[in-house]
Amino acid sequence: MGLIRHSKHITRGPRWKSLRMAVLERDGFKCRFCGKNRGRLEIDHIEPVRKRPDLAYDPANCQALCPSCHAGKTHAEVGRKPPAYDRHGWRKAVNQLMADNQPVEQRGKSCWTL
């Protein structure tokens, strides 16, 4: 069973593209949870659109997150268990290796922990 994306109709069009760029610039093109500044960043609604559609285009309700942190936050919001730590750590290590082709030090904290 997939998630219903309540924000799908929001994240299309020029208004969203403009807001997205403003949020990325404000957040310094870094994930607000883990600080990652490489690769694709996603814009997260702090208060989900399904609960607060009136805040959908409010920059104060948006933040830049890496895909991993965004997925973890979303899973926590909808009551799903987060991925197992060892699986998350492995995925993060592989992504980092692919990004910069350098050895990775394993860190003790998951980037999506709320």
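Residues numbered from 1 in each chain as written. Predicted model: local features only at pLDDT ≥ 70, side-chain atom pairs only at ≥ 80, totals over all residues. Heavy atoms only, no water.

## Focus on the environment of Asp-58
What counts, and what does not: Numbered from the N terminus, helices here are DSSP runs of H or I no shorter than four residues, and strands are runs of E no shorter than two. We call a residue buried when its accessible area falls under 20% of the maximum for its residue type, exposed when it is over 50%, and partly exposed in between, using a 1.4 Å probe and counting protein chains only.
Relative to the elements of secondary structure, Asp-58 occurs in the loop between strand E1 (42-45) and strand E2 (62-65). Exposure remark for Asp-58: the relative accessible area of 28% places this residue in the partly exposed category. When the C-alpha atoms of Asp-58 and Val-23 are compared, they prove to be 9.9 Å apart, with 35 residues separating the residues in sequence.

## Some thoughts on the nonpolar core
Inside soluble globular proteins, nonpolar side chains tend to come together where they are buried. We apply this condition: In this description, a nonpolar core means a group of buried Ala, Val, Leu, Ile, Met, Phe, Trp, Tyr and Cys residues linked to one another through side-chain atoms lying within 4.5 Å. The contact rule is simple, with two residues in contact once any of their heavy atoms fall within 4.5 Å.
Membership of the largest hydrophobic core comes to 15 residues, with the highest contact counts inside it found for Cys-31 and Ile-43. Elements that contribute at least two residues to this core include exactly helix H1 (14-26) and E2. The leading source of residues in this core is H1, at 4 residues. With near-sequence residues (within four places) excluded, Cys-31 lies in contact with Lys-36, Leu-41, Ala-64, Leu-65, Cys-66 and Cys-69.

## Regarding the pattern of salt bridges
Pairs can form between side chains of opposite charge once their charged atoms are near each other. Note the following rule: Whenever Lys or Arg places a side-chain nitrogen within 4 Å of a carboxyl oxygen from Asp or Glu, that contact is recorded as a salt bridge.
Scanning the entire structure with this criterion turns up 7 salt bridges. With its nearest N and O atoms 3.4 Å apart, the salt bridge here joins Arg-32 to Asp-27. The residue Asp-54 makes a salt bridge to Arg-52 at a minimum N-O spacing of 2.7 Å. Assessed through its relative accessible area of 54%, Asp-54 is described here as exposed. Judged by relative accessible area, which is 33%, Arg-52 ranks as partly exposed. A network of salt bridges, in which partner residues are shared, links Asp-44, Arg-50, Lys-73 and Glu-77.

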